[in-house]
Amino acid sequence: MTDEAHNFAPKGTEKPAKPILTEIAQEGRKYGVFLILATQRPTLLDETITAQLNTKVVFRTVRGTDIATIREETDLTPEEAGRLPYLRSGDAFVSSAVFGRTIPVRIRLAHTKSPHTVNPFDEWDDMRAREDDALLDVLLRHVPVYETALMDVLLDVNKTLGVSWDVAKLKSELDRLAQAGKLRKLPTPFCTMYDRPKA
């Protein structure tokens, strides 16, 4: 990962890191090594490297030369390019072969908070544990939960937790909680049943 990438691999200028970044861009994929480059000046970044980038995430950009470079390297329409100077924080365009064309996206707020007073991974684990507790509170109102009768549970989960899950997502969460020992997953002659864990 390289921030201010145009300083390390500038167009038309040699820097010590440039041949290394170029080699990774051209050869790294077959070894499972990938680049993540960040720059506010895409026009200044070496073209050999930019030609190898599979996915580009474009945030607010105001300089005309940078917008022109972005248009050359993506399939942004003139109207979309005209929006670049006015994008809000978190709004972006993603250009990737995975999607088949450049698409607008909204990046959600981070779950962790800064400045970090605890390890962000511990902060994430705490948040996940709170989410699990809230989900269990809802599920335990319905136990035993039968795999063939999940709609009432799903409606309660979506309403109480403010989520928009479908049955497949609820089923995967039930399986995850059962695997973690927070629920019991029991086969019955007709379907799978989820119940309180053994005391």
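Nothing here was measured: the structure is a model prediction, and the numbers come from that model. (Residues numbered from 1 in each chain as written. Predicted model: local features only at pLDDT ≥ 70, side-chain atom pairs only at ≥ 80, totals over all residues. Heavy atoms only, no water.)

**Some remarks on the packing of aromatic side chains**
- Scanning the model with the defined rule gives 0 aromatic pairs in all.
- Looking at Lys169, its charged tip hangs above the ring of Trp165, at a distance of 5.3 Å from the centre. (Phe/Tyr/Trp six-rings, centres within 6.5 Å; stacked < 30°, edge-to-face > 60°. Lys NZ or Arg CZ within 6 Å of the ring centre and 35° of its normal.)

**Structural notes on helix α2 (residues 18-27)**
- If you check which residues of α2 are buried, you get Lys18, Leu21, Thr22 and Ala25. Considered in projection along α2, the buried side chains sweep an arc of 100° and stay on one side of the axis. For α2, exposure combined with an orientation more than 90 degrees from the buried face picks out Ile20 and Glu23.
- Along its buried surface, α2 packs onto α1 (5-8) and α3 (47-50). (Buried < 20%, exposed > 50% of the residue type's maximum accessible area, 1.4 Å probe, protein only. Helix = DSSP H or I, 4+ residues; strand = E, 2+ residues; numbered from the N terminus. Arc of directions from axis to C-beta. Contact = heavy atoms within 4.5 Å.)

**Some thoughts on the sheet that holds strand β5 (residues 184-187)**
- Strand order in this open sheet of 3 strands is β4-β6-β5, and the pairing throughout is antiparallel. At either end of the open sheet lies a strand with only one pairing partner, and these are β4 (145-146) and β5. (Pairing = 2+ DSSP bridges.)

**Quick word on the side chain of Asp156**
- For Asp156, the position within the fold is in helix α7 (residues 151-161).
- Asp156 gets classed as buried once you look at its relative accessible area, which sits at 18%.
- Among the polar contacts made by the side chain of Asp156, one reaches the side chain of Arg141 at a distance of 3.0 Å.
- Dropping the residues within four chain positions of it, Asp156 is found in contact with Val138, Arg141 and His142. (Polar contact = N/O pair within 3.5 Å; in protein donor to acceptor, adjacent residues only side chain to side chain.)

**Quick notes on the pairing of strand β3 (residues 103-106)**
- Pairing analysis gives 4 bridges linking strand β2 (residues 91-96) to β3, with the strands arranged antiparallel. Looking at β3, one finds that Phe93 is bridged to Pro104.
- Hairpin connection of β2 to β3: 6 residues between the antiparallel strands, including Gly100 at a positive phi of 90°.

**Considering the nonpolar core**
- By size, the foremost hydrophobic cluster in this structure holds 16 residues, and its most contacted members are Leu139, Val157, Leu170 and Leu174.
- Those elements that place two or more of their residues in this core are α6 (120-139), α7 and α8 (167-179).
- With residues near it in sequence (within four places) discarded, Leu174 still touches Leu139, Val145, Leu150, Leu183 and Tyr194.
- The next biggest cluster of nonpolar side chains, apart from the first, holds 8 residues, and it includes Val58, Ile67, Leu76 and Phe93. (Core = buried A, V, L, I, M, F, W, Y, C linked by side-chain atoms within 4.5 Å.)

**Description of the pairing of strand β6 (residues 192-195)**
- With burial as the criterion, each face of β6 is covered, one bearing Thr192 and Tyr194 and the other bearing Met193 and Asp195.
- Note that β5 and β6 share 4 bridges and pair antiparallel. In the sheet register, Pro187 faces β6, and the bridge partner there is Thr192.
- Adjacent in sequence and paired antiparallel, β5 and β6 are bridged by 4 residues.

**Structural notes on the environment of Asp91**
- Among the secondary structure elements, Asp91 is positioned in strand β2.
- A relative accessible area of 13% places Asp91 in the buried class.
- Setting aside its immediate chain neighbours within four residues, Asp91 contacts Phe59, Val105 and Arg106.

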